[in-house]
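The residues making up each chain are set out below.
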Amino acid sequence: MPSLLRWLARTPHLGALLSTWRGRAIALFVAVQLALPILYFTRKDPHDERFAWRMFSPMRMAHCVPTATLNDTPFNLGGEFHEAWLELAQRGRFRVIEAMGARLCKEHPNTTVRISIDCVYLDREPRSYGGYDMCMVPEL
Amino acid sequence: MAKKRKGGKPATKTPGPAPMASGAATKPAATKPAAGRRPDKAPVVVPLRAPEPTFWFGFDVAWAKLVVVRVVLFGLLAIDAVLQIRHAPRYGAGGFNVAQIPGLDALGPSRATYEIVQLVSAYLFVLAALGVATRWVLPVVTSLYAWMYFTSQLDGYQHHYLVALVLGISCFVPWQRRPDAEPATPVRTWAVRLILVQLAILYLWAAISKMNGAWLDGRTLANQITGPLRSLVDSSVGIKAAAKFAIFAEITLALTVWVRPAWFIALPLGLLFHTGILLSGLEIGLFAWLMLAMYLLVVPDRAFIWVAEQPPIARLRRALARLPLEGDVATGVAVLGGTTLGIVLAMLCRLDHAFTMAIALGIVPIVLVAARRLRGQRGGAVVGIAHLAAILVWVTVDRASTVATDYYRFWGGSSRRLGDLESSERAYRRLAEIQPDDGQGHFQLGRLLLKRGEEAEGLAELQRAQTEEPARARAYVAEAEYLASKGRTAEALEKARAATHAEPDSQPAQQLLDSMTKPNQPNQFKRPDAPLDDDHE
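Residues numbered from 1 in each chain as written. Chains lettered and ligands numbered in written order. Predicted model: local features only at pLDDT ≥ 70, side-chain atom pairs only at ≥ 80, totals over all residues.

A. Structural view of the overall build of chain A. Each helix and strand in chain A was counted, giving 5 helices and 4 strands. Along the chain direction, N to C, the helices and strands of chain A fall in the order α-α-α-β-β-α-α-β-β. For 140 residues, the compact-globule estimate of 2.2 N^0.38 gives 14 Å, and the C-alpha radius of gyration of chain A, at 22 Å, exceeds that figure by more than 25%. Here the C-alpha coordinates of chain A stretch approximately 65 × 35 × 25 Å along the principal axes. Of all 140 residues assigned to chain A, the portion counted as buried reaches 31%. (Helix = DSSP H or I, 4+ residues; strand = E, 2+ residues; numbered from the N terminus. Rg over C-alpha atoms; globule rule 2.2 N^0.38 Å. Buried ≥ 20, exposed ≤ 12 C-beta atoms within 10 Å, placed from the backbone.)

Below you can see the structure in the form of C-alpha cells.
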C-alpha cells in the first residue's frame, strides 16, 4: 500500500493534488464515491441499492409480499409498523425486515416469529426469503 | 472583460477581474504595454497563479452564475424542506426505526423533531439563498439534512443521498458576495468542480446499473414511466430505443458534465434528460427540478454575465446596491421589523410548530447582527429581510400546497392504525380546525369519538362530514352502523338509505342497506373499513 501511494504521488496531476491536505481530501472523496457503489455487488441483499446510484434499475421493479406469523398464527404487520416501513419491506429491504423480526421477537418473547417475503422480479426468477423463526435466526 | 481561460489552464497576466477566492494582486502597470493600446494609468489586475493542480484549484465561475445557482438551488431546497413535512408522521411512528448506518437507529427523528428540523432547514436554506452567513448557515443545515438522512431509511432515496453530498461539498463554495464583486468577477472554487465530478460519478454508475437485458429490452423503463413522456415515447422512438438512449445519455453526461469545453454537449443533453424524467410521472418530488437547477453550473458564464448586464437587470442591481442597508437605523428596523412581522406571519402557517419556531428563530437575526458587530462590521439589515423571507416561504408553501392537511391526515391515519387513538384524535381535531369545510377531519374524528363512547360529539362530527361531503357515503355509513349497533334500527335504516342516495356507486353503502333490508345477508357490520379511509400515505 505505501508503495502504491508513493507511485500515485509521483504521477504528475495526482502528485500535486496529494501534496496538500485539501487535495488529499478531494482525492479521498472522489475515490470513495467511485468505489462505494461497488459495495452493492458484495451485499447479500440484492434489493438494497442504497449508495450505489442505481436509480430506475430493474431491481427497483422488484415486488415482494411480506407475511408474518406469530406461533403460526397470521400477524398483521400493518398494525405494528407504519406503512412506509411496509413499503420498504415490499421492496425486499432485508435490513428493514430483519429489524421488524427483531422487534416482534422482543415484544413477544417465547414466541415463534416467522417473516417471509415472496418476491417477483423483472430480470430473474421469483424467489422467497425467510420463513424460519427469526428469533432463532435473526437474518434473512 | 477577462479573457476566458479554457480547460483549467493557469491564469496568465490578463487584464480583468481577478479570481476572488484566491485573492488578486492589483498593481500599477509594470509590464510592457501590449502594442501600446493600454489606457494610461489603468491598473493591471494580475490574477495570482492558481496552485496546482489547476483542474481543481484553478477552476473558477463568474460571480453572476454563482449568485443564480445559490438562489435557485437553495430556494428549491427550502421549498422541498417544507413539502417534506407531510412525511413527518412516518418518523417515530410505533417507535420503530431503521437507520441507514447500523447503530444509529435510536438517533432517528420523531414526528415532531422531523417537522421542526425541516422548518429550520427551510429557514436556513432561504438565508443561504439570500447569501446570509453562508459559512455558518450551510454547515448547520448540512448537518441537519445529514442527520435526517443517515438516521432513518424512511425517505432514504438516492436523491436524498445526492443532496446530502452536494450540501456537504457546497459548504466549501464561497457563496458570499465580496464587496468588489461584479457579475463577471471570476470566483475560484474547487468545490463547484467537485460537485460536477460527483454528478459524473452518479451518471456513470447509473448507466452501469442499466447494462442488462431487462433494461435494454425496454421492460424496466416500460414499467416506470407514465404520463406525457410515455405517450411521446410510444408514438415516436419506442420504449426499447428510449431505454438505450437513457444509457447513452448517462454515459455521455458522465464524460462531459465536469469538463468545461464539453459543456456544450452536457447542457442540452442534461436538460433534455432531466426534463424527460420530470415528465415521466415518477414520484420523486422536486428532485428533477434540483437536477435541472444543478445544470445552471454548466451554462456558460458569459450567459449569466450577459443577462446581468442587460439594462433592466443592471438598473435593478444598482438600485439594490444603493439601498441604505448598512446604517444602524436600517439594520435595527429590519431586524426588529423582520422578527416581529415573522411572528405575525407565522400565525398564518398551519404547520404544527411553525409559530413556536418563528419565535425561537427570532434570535437568529439578532445573533448574526451581533456577530457582525463583534467583527467590527456594520449593517446587516439583509439578515432581518432574509428572516422574514424565510417565514414567508413557510406560509406560502403551506398555503399553496396540501402539506399541512396531508401532515395531519397522515398523522391521524398512522396513529389510528397503530392503535394510538389519543394522538390520532389530536391530529384529526387539528385537521378539522384548519380545514373545517373538508369532510375528512370531521369523519375520522366522529368515528374515533364514537369508538370512545362520546356519542353526541361523535354523531355531530359525522353529520358535519355529511354536510361537507354530500356526495360521499362514508359518513352516512359510519353513522348508520353506529346507530344499528345501538339498536336504533329505524334511524340506522334512514341513514343507510341516505348513504346510497349520496353515493349510488358506493359498495359499502349498498352492502349496508342490503344487510339491513335483507336479513339473510352475512357480515352485517363487519366489512373491512379500508374503503372508508383515505388517510393512508
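Okay, back to it.
B. Seen up close, the overall build of chain B. Across its full length, chain B holds 25 helices and 4 strands. In chain B, which comprises 537 residues, the share counted as buried stands at 46%. In chain B, 66% of the contacts between residues at least 6 apart in sequence involve partners at least 24 apart. (Contact = placed C-beta atoms within 7 Å.)

C. Seen up close, helix α3 (residues 111-129) of chain B. Here α3(B) contains 19 residues, and its C-alpha end-to-end distance of 27 Å stays within 8% of the 27 Å for a straight helix at 1.5 Å per residue. With respect to burial, α3(B) is a largely interior element, 17 of its 19 residues being buried. (Expected span 1.5 Å × (residues − 1).)

D. Quick peek at helix α13 (residues 301-308) of chain B. All names here are of chain B. Taken residue by residue, α13 has Asp301, Phe304 and Ala308 as its buried positions. Buried residues of α13 fall within an arc of 70 degrees about the axis and therefore sit on the same side. Its buried side turned inward, α13 meets β3 (60-62), α2 (63-83) and α14 (311-322). (Arc of directions from axis to C-beta.)

E. Quick look at the interface of chain A and chain B. Facing 34 residues of chain A, the contacting portion of chain B comprises 38 residues. Listing elements by their share of the side of chain A that touches chain B, those giving two or more residues are α2 (12-17), α3 (21-35), α4 (83-90) and α5 (94-107) of chain A. Take the side of chain A that touches chain B: its biggest share by element is 5 residues, from α3(A). The residue makeup of the side of chain A that touches chain B, split by class, is 21 nonpolar, 6 polar and 7 charged. (Nonpolar A, V, L, I, M, F, W, Y, C, P; charged D, E, K, R; others polar.)

F. How the structure looks around the environment of Leu512(B). Residue and element names in this part refer to chain B. Its location among the elements puts Leu512 in helix α25 (residues 507-517). Note: C-alpha distance between Leu512 and Thr500 (12 residues apart in sequence) is 9.3 Å. Ignoring any residue separated from it by four or fewer positions in sequence, one finds Leu512 in contact with Val477, Ala480, Glu481, Ala496 and Ala499.

G. Region of the structure containing the pairing of strand β4 (residues 127-133) of chain A. All names here are of chain A. Pairing geometry for strand β3 (residues 113-120) and β4, over 5 bridges, is antiparallel. Of the residues in β4, the one forming a bridge with Cys119 is Arg127. Taking the residues between adjacent antiparallel strands as the criterion, β3 and β4 are bridged by 6 residues. (Pairing = 2+ DSSP bridges.)

H. Region of the structure containing the pairing of β3(A). Residues and elements named next belong to chain A. Residue alternation in β3 divides its side chains into a buried set, Val113, Ile115, Ile117 and Cys119, and an unburied set, Arg114, Ser116, Asp118 and Val120. Relative to β3, strand β1 (residues 63-70) is paired through 8 bridges, and the arrangement is antiparallel. Within β3, the position partnered with His63 by the bridge is Val120.

Distances and angles like these do not, on their own, reveal function.
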